[in-house]
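Single-letter residue listing:
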Amino acid sequence: MKISKCLFPAAGYGTRFLPVTKAMPKEMLPILTKPLIQYGVEEAVEAGLDTMAIITGRGKRAIEDHFDISYELEHQIKGSSKEHLLDEIRSLISKCTFTYTRQIEMKGLGDAIFKGKVLIGREPFAVILADDLCINEDGNGVLSQMITLYQKYKCSIVAIMEVPKEETYKYGVIEGKEIEDGVYMVSNMVEKPEPSEAPSNLAIIGRYILTPDIFDIINKTKPGKNGEIQITDALMSMAQKGMVLACRFKGKRFDCGSVDGYVEATNHLYALEKDKHI
Ligand code: UTP
């Protein structure tokens, strides 16, 4: 079955960015002139997906407004020298449909994904965490690389990257057997392990392809680390019963949920696109 839907869990509080996230969604933080979530939607469209299913929460309405028409602005800007500044977002909106549901209580990423069941139905789907900004200058985005792999193996896939061992406590970490270059069959997964307990230095980042049986599995998953429903725990159950792959992607990933990663991403994209913004 072709993958056409991409889920964006975007209900989190973004506490690492307080106070800016008090009244503004973290996913709307700009990298140059575009909000983080727009980069995510662009990556999904590049991978051939056309339905964006966004999990929102209180205070996140700016996301819906961003992927809509602002008639007042359209009226003001029409025919002016600035009209071209809307070209990119207009074109993006015309290529996809946006659906939304709210996560009422922020009970973790696993719970946020579970809330997407109503928007996804019973089909395989992609997940993008917009605060993980991924860039592949060769043009083949991370989600595209994962969809190619899905077409071959037809199972759930997580994107992974190597991290310094002392940073494993920030990520879900996998253990697995490499079955082809950069592709691992997952045998173990641990959420945010201390370096001494980490099974490897292969860390899961915010890109997933999930088969729809994940919803039943999450529903049976008990709260884990920090009392939250962890997608890592649900995927571990899935790996024990069937197959979950981990894909070491090509490209760069910036953790824009942290101030360091956000500044790094901004500087990186500014160096690449400087001429466009003068
Ligand atoms: P994070 O833990 O990075 O986001 O969750 P956060 O909780 O918003 O940020 P901090 O740690 O307080 O600064 C990863 C992703 O999962 C979503 C977040 O919006 C983010 O995109 N998420 C997390 C939810 O949608 N719901 C949750 O209950 C938890």
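Check the entry above for the structure.
None of the values given here were measured: they were computed from a predicted structure.

**Student:** I keep staring at the packing of aromatic side chains and nothing clicks. Help me out?
**Tutor:** For any pair of aromatic rings, geometry is given as the distance between the ring centres together with the angle between the planes. In this structure the tally under the stated criterion is 3 aromatic pairs. Residues F17 and Y262 carry aromatic rings whose centres are separated by 5.4 Å and whose planes lie at 75° to one another, so their mutual orientation is edge-to-face. Linking F17 in the loop between β1 (5-9) and β2 (30-31) with Y262 in helix α10 (residues 259-273), this pair joins segments that are 245 residues apart in sequence. The same class applies to F17 as to Y262, namely buried. Summarising the aromatic geometry, the rings of F125 and F215 are spaced 5.3 Å apart at their centres and angled 0° between planes, so their arrangement reads as stacked. Separated by 90 residues along the polypeptide, F125 in strand β6 (residues 125-128) and F215 in helix α8 (residues 214-220) bring together distant segments of the chain. The positively charged end of K34 is found above the aromatic ring belonging to Y39, 4.8 Å away from the centroid.

**Student:** What is the right way to look at the site of the ligand in this model?
**Tutor:** Contacts to the ligand come from 17 residues, most closely from G14, T15, R16, Q103 and G108. Within the contact set of the ligand, a nitrogen atom lies 2.7 Å away from a side-chain nitrogen or oxygen of Q103. Its residues assigned to classes, the shell around the ligand comprises 7 nonpolar, 5 polar and 5 charged.

**Student:** Honestly, the pairing of strand β4 (residues 51-56) in this entry has me stumped. Any pointers?
**Tutor:** The side chains of a regular strand alternate, residue by residue, between the two faces of the sheet. The buried count for β4 comes to 6 of 6 residues, which makes it a mostly enclosed element. By the alternation rule, side chains of β4 split into T51, A53 and I55 and M52, I54 and T56, which are all buried. Relative to β4, β1 runs parallel, the two being bridged by 5 bridges. In the sheet register, P9 faces β4, and the bridge partner there is I55. In this structure, β4 lies alongside strand β5 (residues 97-102), joined through 6 bridges in parallel fashion. Across the sheet, residue A53 finds its bridge partner in β5, namely T99.

**Student:** Sorry, what's going on with helix α7 (residues 142-153) here?
**Tutor:** Note: α-helices contain 3.6 residues per turn, so residues at a spacing of three or four share the same orientation. Between its first and last C-alpha, α7 extends 17 Å over 12 residues, near the 16 Å set by a 1.5 Å rise per residue. Those residues of α7 lying buried are V142, L143, S144, Q145, M146, I147, L149 and Y150. A positive backbone phi angle near 50° is found at K154, which sits one or two residues after α7.

Procedures and definitions
Residues numbered from 1 in each chain as written. Predicted model: local features only at pLDDT ≥ 70, side-chain atom pairs only at ≥ 80, totals over all residues. Heavy atoms only, no water. Phe/Tyr/Trp six-rings, centres within 6.5 Å; stacked < 30°, edge-to-face > 60°. Helix = DSSP H or I, 4+ residues; strand = E, 2+ residues; numbered from the N terminus. Buried < 20%, exposed > 50% of the residue type's maximum accessible area, 1.4 Å probe, protein only. Lys NZ or Arg CZ within 6 Å of the ring centre and 35° of its normal. Near = heavy atom within 4 Å. Polar contact = N/O pair within 3.5 Å; in protein donor to acceptor, adjacent residues only side chain to side chain. Nonpolar A, V, L, I, M, F, W, Y, C, P; charged D, E, K, R; others polar. Pairing = 2+ DSSP bridges. Expected span 1.5 Å × (residues − 1).

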